[in-house]
Amino acid sequence: MIHDIEALFRRGVLSERLFAGGFDPELLFVECHKCSRPIFWEKGRTTHILQDAGISVRDLDERCMIMSHGCPQCSPEETEFELQVVRLAPEGEPSLPDVFGTA
Ligand SMILES: [Zn+2]
């Protein structure tokens, strides 16, 4: 369930601004959109998911985060959750671009 990531970039949801030295995707905060719990994945999973979705880590920065539409805590009957990369707006409100994948 991977959508057009290039279109996402063109709409400015994920900018192509690069950070000197790059950004470690493992530092991305992952939060459940339903219950607001933080989600902790095993190391390397974020990188793998982003690669599967065709998202370059060079397009991410510390204001990006991943939202999961549900988590094992609040939706134990679910086995896959839709994921979105969001960039926090300057005022702190997250924008909600298209879903890019599942976990
Ligand atoms: Zn949850």
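None of these values were measured; they are calculated from a predicted model.

Cut-offs used in this document
- Residues numbered from 1 in each chain as written.
- Predicted model: local features only at pLDDT ≥ 70, side-chain atom pairs only at ≥ 80, totals over all residues.
- Helix = DSSP H or I, 4+ residues; strand = E, 2+ residues; numbered from the N terminus.
- Buried ≥ 20, exposed ≤ 12 C-beta atoms within 10 Å, placed from the backbone.
- Contact = placed C-beta atoms within 7 Å.
- Core = buried A, V, L, I, M, F, W, Y, C linked by C-beta atoms within 7 Å.
- pLDDT = per-residue confidence, 0-100.
- Arc of directions from axis to C-beta.

Trainee: An account of the overall build of the protein is requested, with residue identities and associated values reported.
Mentor: A tally of regular secondary structure across the protein gives 2 helices and 4 strands. Counting from the amino terminus, the protein carries its helices and strands in the arrangement α-β-α-β-β-β. Per-residue burial for the protein yields a buried fraction of 21% across its 103 residues. Once local pairs closer than 6 in sequence are excluded, the contacts in the protein between residues at least 24 apart make up 56%.

Trainee: Give me the lowdown on the nonpolar core, citing residues and values where you can.
Mentor: Among the nonpolar cores identified, the biggest contains 12 residues, and these are Leu28, Ile49, Leu50, Ile55, Leu60, Cys64, Ile66, Met67, Cys71, Phe81, Leu83 and Val85. Broken down by secondary-structure element, the contributors of at least two residues to this core are helix 2 (45-52), strand 2 (64-68) and strand 3 (82-87). With 3 residues, the single largest contributor to this core is strand 2. In contact with Cys71, other than residues within four places in its own chain, are Cys32, Cys35, Arg37, Ile39 and Phe81.

Trainee: So what's going on with the confidence of the model for the protein? Residues and values would help.
Mentor: Per-residue pLDDT for the protein averages 76, and the proportion of residues at 70 or more is 65%. Taken as a whole, residues 1-20 scores under 50 in pLDDT and shows 29 contacts with residues more than four places along the chain or in a different chain.

Trainee: Summarise the environment of His33; cite the residues concerned and give the values.
Mentor: Structurally, the position occupied by His33 is in the loop between strand 1 (29-32) and helix 2. Overall, His33 belongs to the partly exposed group, with 19 C-beta atoms counted inside 10 Å. Residues His33 and Gln84 lie 51 residues apart in sequence; the distance between their C-alpha atoms is 9.7 Å.

Trainee: Describe in detail unusual backbone geometry, supporting the description with residues and values.
Mentor: The backbone phi angle of Ser36 is positive, close to 65 degrees, even though this residue is not glycine. Relative to the assigned elements, Ser36 resides in the loop between strand 1 and helix 2.

Trainee: Explain the environment of Gly44 to me, and be specific about the residues and the numbers.
Mentor: Note that Gly44 resides in the loop between strand 1 and helix 2. The exposed category is assigned to Gly44, around which 10 C-beta atoms lie within 10 Å. Spatially, the C-alpha atom of Gly44 lies 8.6 Å from that of Pro25, the residues being 19 residues apart in sequence.

Trainee: Explain helix 2 residue by residue, including any values.
Mentor: Along helix 2, the residues classified as buried are Thr46, Ile49 and Leu50. Along the long axis of helix 2, the arc covered by the buried residues comes to 100 degrees, so they all point the same way.

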